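Residue-level listing of the chains:
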Amino acid sequence: MAVVEDSEEEFKPQKKKPASEDDKRQRPFFRRKKMTPGSLMKALIRPGAGEKTPTDGDQVIYHCTIRTLDGVVVESTKAEFGGSGIPKRQVLGKSKMILGLLEGIPTMLNGEVAMFKVKPELHYGEEDCPVSVADSFPKDDELHFEIELIDFSKVKARILDSFLTQCISVNMPFINFQVISEDLGIIKKVKEEGQGWEQPREPYEVKAWISGKSADGKIIFSHTQGEPFFFTFGKSEIPKGLEMGIGTMARGEKAVIYVTKEYLSQCSLIPSIEGIAEIHFDVELVHFVQVRDVLGDGRLIKRRLRDGRGEFPMDCPLHDSLLHVHYKGMLLNEEKTVFYDTRVDNNGQPLEFRSGEGLVPEGFEMCTRLMLPGEIALVTCPPDYAYDKFPRPDKVPQGAHIQWEIELLDYEKQKDWTGFNFREIMDDVEKIKGTGNRLFKEGKYELAKAKYEHVLREFNHVNPQNDEEGKEFSDTRISGIHVVIHGLFNMFKNLLHLNVAACLQKMGEFKKSIEACNKVLDTNPVHVKALYRRGMAYMGGGDFEEARADFNKMMTVDKSSESTAKAALLKLKKEEQEIHRRARQQFKGLFDKKPGEIAEAGGLDVGEKEPDQSHDRDALDGEKEHLLEATAPPPARTSLWSRLWPSGRRLFTSLGLDRCTIL
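Residues numbered from 1 in each chain as written. Predicted model: local features only at pLDDT ≥ 70, side-chain atom pairs only at ≥ 80, totals over all residues. Heavy atoms only, no water.

As annotated in an unreviewed UniProt entry, the protein chain is peptidylprolyl isomerase from Sesamum radiatum. The UniProt entry for the protein chain carries the following text under Catalytic activity (unreviewed entry): "[protein]-peptidylproline (omega=180) = [protein]-peptidylproline (omega=0)". (UniProt positions renumbered as here; feature names shortened; annotations may be inferred.)

A. Looking closely at the overall build of the protein chain. Secondary structure summary: the protein chain contains 17 helices and 22 strands in total. Within the protein chain, the proportion of its 663 residues that are buried is 45%. Sequence separation of at least 24 residues holds for 69% of the intrachain contacts in the protein chain that already meet a minimum separation of 6. A total accessible area of about 34,800 Å² is found for the protein chain, and carbon and sulfur atoms account for 50% of it. (Helix = DSSP H or I, 4+ residues; strand = E, 2+ residues; numbered from the N terminus. Buried < 20%, exposed > 50% of the residue type's maximum accessible area, 1.4 Å probe, protein only. Contact = heavy atoms within 4.5 Å. Areas by Shrake-Rupley, 256 points an atom, 1.4 Å probe, with all protein chains shown as cover.)

B. Local environment of the side chain of threonine 65. If you trace the backbone, threonine 65 turns up in strand 2 (residues 58–68). Within polar-contact distance, the side chain of threonine 65 engages the side chain of serine 76 at 2.8 Å. Once residues within four sequence positions are removed from consideration, threonine 65 is found in contact with Val73, Glu75, Ser76, Lys78, Phe81, His144, Phe145 and Glu146. (Polar contact = N/O pair within 3.5 Å; in protein donor to acceptor, adjacent residues only side chain to side chain.)

C. Here's a closer look at the packing of aromatic side chains. Enumeration according to the criterion identifies 14 aromatic pairs in this entry. Ring centres of tyrosine 204 and phenylalanine 288 lie 5.8 Å apart, and the angle between their planes is 35 degrees; this geometry places the pair in the tilted category. Note that tyrosine 204 is positioned in the loop between strand 8 (186–192) and strand 9 (205–214) and phenylalanine 288 in strand 13 (residues 278–289), a separation of 84 residues in sequence. Taken as a pair, tyrosine 204 and phenylalanine 288 share a single burial class, namely buried. Aromatic ring contacts, followed pair by pair, group Tyr327, Phe339, Tyr340, Phe353, Phe364, Tyr387, Phe390 and Trp404 into a single cluster. Across the ring face of phenylalanine 81, the terminal group of arginine 67 is positioned such that the distance to the ring centre comes to 5.0 Å. The cationic tip of arginine 251 hangs over the ring face of phenylalanine 288; the distance from NZ or CZ to the ring centre is 4.2 Å. (Phe/Tyr/Trp six-rings, centres within 6.5 Å; stacked < 30°, edge-to-face > 60°. Lys NZ or Arg CZ within 6 Å of the ring centre and 35° of its normal.)

D. Focus on the pairing of strand 9. Most of strand 9 is tucked away, with 7 of its 10 residues classed as buried. As judged from the 4 bridges shared by strand 9 and strand 11 (residues 229–232), these two strands associate in the antiparallel manner. Counted as the bridge partner of lysine 207 is phenylalanine 230 from strand 11. By the bridge criterion, 10 bridges tie strand 9 to strand 13 in an arrangement that is antiparallel. Bridging from a neighbouring strand, lysine 207 pairs with histidine 287 of strand 13. Here strand 9 runs beside strand 10 (residues 219–223); their pairing, made up of 4 bridges, is antiparallel. Bridge pairing links isoleucine 210 to histidine 223 in strand 10. (Pairing = 2+ DSSP bridges.)

E. Spatial organisation of the side chain of serine 181. Here serine 181 lies in the loop between strand 7 (177–179) and strand 8. A polar atom in the side chain of serine 181 sits 3.0 Å from the backbone nitrogen of glycine 185. Apart from residues lying up to four places away in sequence, serine 181 is in contact with Ile186 and Tyr263.

F. Region of interest: unusual backbone geometry. Residue glutamate 202 is joined to proline 203 through a cis peptide bond whose omega torsion reads 0 degrees. Mapped onto the secondary structure, proline 203 falls in the loop between strand 8 and strand 9. Notably, serine 236 is not glycine yet its phi reads approximately 60 degrees, a positive angle. For serine 236, a relative accessible area of 58% puts it in the exposed group. With a phi angle near 50 degrees, lysine 336 is a residue other than glycine that sits in the positive phi range. Mapping lysine 336 onto the fold places it in the loop between strand 16 (322–331) and strand 17 (338–341). Assessed through its relative accessible area of 36%, lysine 336 is described here as partly exposed.

G. Representation of the UniProt feature "repeat: TPR" (unreviewed entry) in the protein chain. Taking the numbering used here, the UniProt-annotated feature "repeat: TPR" (unreviewed entry) corresponds to residues 528–561. Measuring from the first to the last C-alpha atom of residues 528–561 gives 8 Å, for a span that is 79% helix and 0% strand.

H. The arrangement of the packing of helix 13 (residues 528–540) against helix 15 (residues 562–586) in detail. Between helix 13 and helix 15, the least distance of the axes is 11 Å, while the angle of their chain directions is 5 degrees. The orientation of helix 13 relative to helix 15 falls into the category roughly parallel. Together, Tyr532, Met536 and Met539 of helix 13 and Thr564, Ala568, Lys571, Leu572 and Glu575 of helix 15 make up the contact between the two elements. Across the contact of helix 13 with helix 15, the residue classes break down as 5 nonpolar, 1 polar and 2 charged. (Axes fitted to C-alpha atoms, helices over the stretch in contact; angles between N-to-C directions. Parallel < 35°, antiparallel > 145°, perpendicular 65-115°, else oblique. Nonpolar A, V, L, I, M, F, W, Y, C, P; charged D, E, K, R; others polar.)

I. Up close: the nonpolar core. In this structure, Ile210, Leu242, Ile246, Ile257, Leu269, Phe281 and Val283 are the most contacted members of the largest nonpolar core, which totals 28 residues. Only strand 9, strand 11, helix 5 (240–246), strand 12 (254–260) and strand 13 provide two or more residues apiece to this core. Element by element, the count of residues in this core is highest for strand 13, at 5 residues. Leaving out residues up to four positions away in the same chain, valine 283 has contacts with Ala208, Trp209, Ile210, Leu242, Ile246, Met249, Glu253, Lys254, Ala255 and Ile257. (Core = buried A, V, L, I, M, F, W, Y, C linked by side-chain atoms within 4.5 Å.)

J. Inspection of the environment of glycine 535 at higher detail. Mapping glycine 535 onto the fold places it in helix 13. For the pair glycine 535 and leucine 569, spaced 34 residues apart in sequence, the C-alpha separation works out to 9.6 Å. With near-sequence residues (within four places) excluded, glycine 535 lies in contact with Ala547, Asp550 and Phe551.

K. Here's a closer look at the pairing of strand 8. Sheet topology places strand 7 next to strand 8; 3 bridges connect them, and they run antiparallel. Residue pairing for strand 8: valine 179 is matched across the bridge by isoleucine 187. In this structure, the hairpin formed by strand 7 and strand 8 is closed by a connection of 6 residues, where leucine 184 is found at a positive phi of approximately 65 degrees. Both strand 8 and strand 12 contribute to a ladder of 6 bridges, which runs antiparallel. Bridge pairing links glutamate 192 to lysine 254 in strand 12.

L. Helix 8 (residues 422–441), seen in detail. Its 20 residues give helix 8 an end-to-end C-alpha distance of 29 Å, which sits within 8% of 28 Å, the value for a rise of 1.5 Å per residue. What helix 8 keeps buried is the set Phe422, Ile425, Met426, Asp428, Val429, Ile432, Lys433, Thr435, Gly436, Asn437, Leu439 and Phe440. Count one or two residues on from helix 8 and you reach glycine 443, which has phi positive near 80 degrees. (Expected span 1.5 Å × (residues − 1).)

Now the structure itself:
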C-alpha cells in the first residue's frame, strides 16, 4: 500500500517535544469529548461481510459522497458524481480525518455502505478541524456522508529511527517511503503514483521495466529496452524482496525498491548475488494480468483476457445481482471441444441469471462475480465445481474438466426497498423466501442461508407506513396462522432464525445452529419448534443431555408435540447406544496386554463384521419440518468423532479411561 502522506511528519528524526495545547486538541481522545447525543447518526444502506470492524492503526479504503439534507451532492470520490473514481486511503488515528468519520467508520464491516448524518461540529465545522476545505463548502450545515468501506487492513511499521539515521548519513531523502518488511530489509520509495488501487499478487502475470544497481551506484543489470520483463507472481522468477515490493505497487507506478541480501535470491533476472549486500531496484510497473486461484489449491483458475470497466473489486457484481454474460464452454481436452456457445446456440442472446440462486455451476458463478463489466476471462474449472453437481449438458461427460471463456456484458444490482410501498416489499420478501426454500430443497444450504439472512436483515427496517398497509400485513398468512400486527414481526423473524438454524444444522455447524435457535428462545422460551431444532442441533454435536432436556420440555409445554418429541428421544437413545458400542470396540483389549507389549486400539477382530446400520433409520423421517411454508429433508447424519465430545468424555470416564492418553 502507498504511504499515507498525512503521516510523513512521523518520519523526521527529531527529539520528542512536550505536546502543546494545540497538539492535544487534535488527539482523538480530546476530540471525542465534543461528541453529544444525536450529533452523529448512522443508517445502514448495504450490509457488509464478516464480523471484524476497523480499529485505530488500520488503513481504511473507502468511497465518500457528501450531500446536503436536500440530497444535493457537495463532494464525492465516485466518478458517477463527478469525482476522480479513486477511493480514499487513510489510517485511523493517524491520518487527518473529520471526527464524524473517525467515529463512524470503526462501526462498519468490510463492504458495508452506510449513511451518516453529521452535525457541523463533527465534520468540517469542528473548532480546530484538522482537515481544511474551500470557503464555499457548507461546513456550517448538517450533512449526509455516504460511506462505502471497500477494505481495511493493518499497516506495516513505518520508518524507524535506525533507518532514518542511515538515510541522513548518505543524504537520502525519506519522503514517500514505505517499509515492506519490519526488519527494514525491504523499503520502497514512490517516485510516481500509479492508477487505481489493485496490486499484483500470486499468481498474477506481470510486465515491468526493471533495473538494479548496488548501494555504491554500480549497475548490476538493466531491463529497460525492447519488451518489458515478464514474470508470474509467486513463481520465484525474481528475488523475493523485489517481488514483495512490486506486490505493493499499482499499475503505472514508478518506485525504487531497496532490498538487502537477506531478501535476495539467485534467478534468471540476477544470475549471481555473490558479494552483493544490497540492490536498489528501479521499477516501473507497466501492466499486470489478473490471474486468480479462486479455491487456493490451483484447481479453479480465472485469467483475465481483457480488462473491464471500473475498479476491482468495488465494481464487481454483488450477491443477488442480475448478470448478463456471453460464454463459450469447452472440454479441457486436446481438441478443446466446444459444447455450448451463447452466440451460436442461444440465437446470439446472452445468458441472464441472478447470482446467489444456484442457477449456474458454482465455479462459473464464483469467477463471474470476480469480473468487471466488459471484462473477458478464461476460467479453468474442476468437475466438482462444474457439472458433476449441476445438470450436465449432453456433450459433457461425467468427471470432465471444463474451460469457460466468459464475457460479462453488464449487471444490475438488486433493488433496495427505498421507495417501495409495503405491498411491494412483501412481494419481494415472498420471492426471496421462495428462492431460499428452493435452494434448501436442492441441498444448497449455504445459498439458502444467505437468502434467509438477507430477508432477516432487510425486514428489520420494515414498518407499516399507514393503517391500510398495517391491515395488509396483518392479513398475511404464515404457516396458516393469522396473526395481529403487533406480533407479526417477531413471528416472522423467529421463522427466519429457525430457517437459518436448519441450514446451519445441515452444514454441520451445530454450535451456530444452537445460537440461531437461542435468538428465538430468548424472546419465547416455550417456542416448541425452536426447542425441537435446538435439541436436534445438540444431538448432532454430541451434547445428549442438553438435547434430552429440550425434547422433554417440548412435551411439557405442548402436548401435541409429544409424538415428535418421543421420536426424537428414541433417535437420541440409539445415537447414545451406538456411541457407547463404538467406544467399547475402539478400546477393546487396550489393557489386556502384558507389561511391555503394545496394545492397539480401534480395530475390529478378525472375522468380525461392521454391524448392519440399516435398522437404525431416522425415527423422524415422517416428521415434516416447515421452512417458511416449505418442507425440508430430515437432518443429515454427522461423523462419529464430531459427535463423540463432550458426551464421549463422560463415557470414557465411566469406562475407567479418564487417565488414558491417545497419541
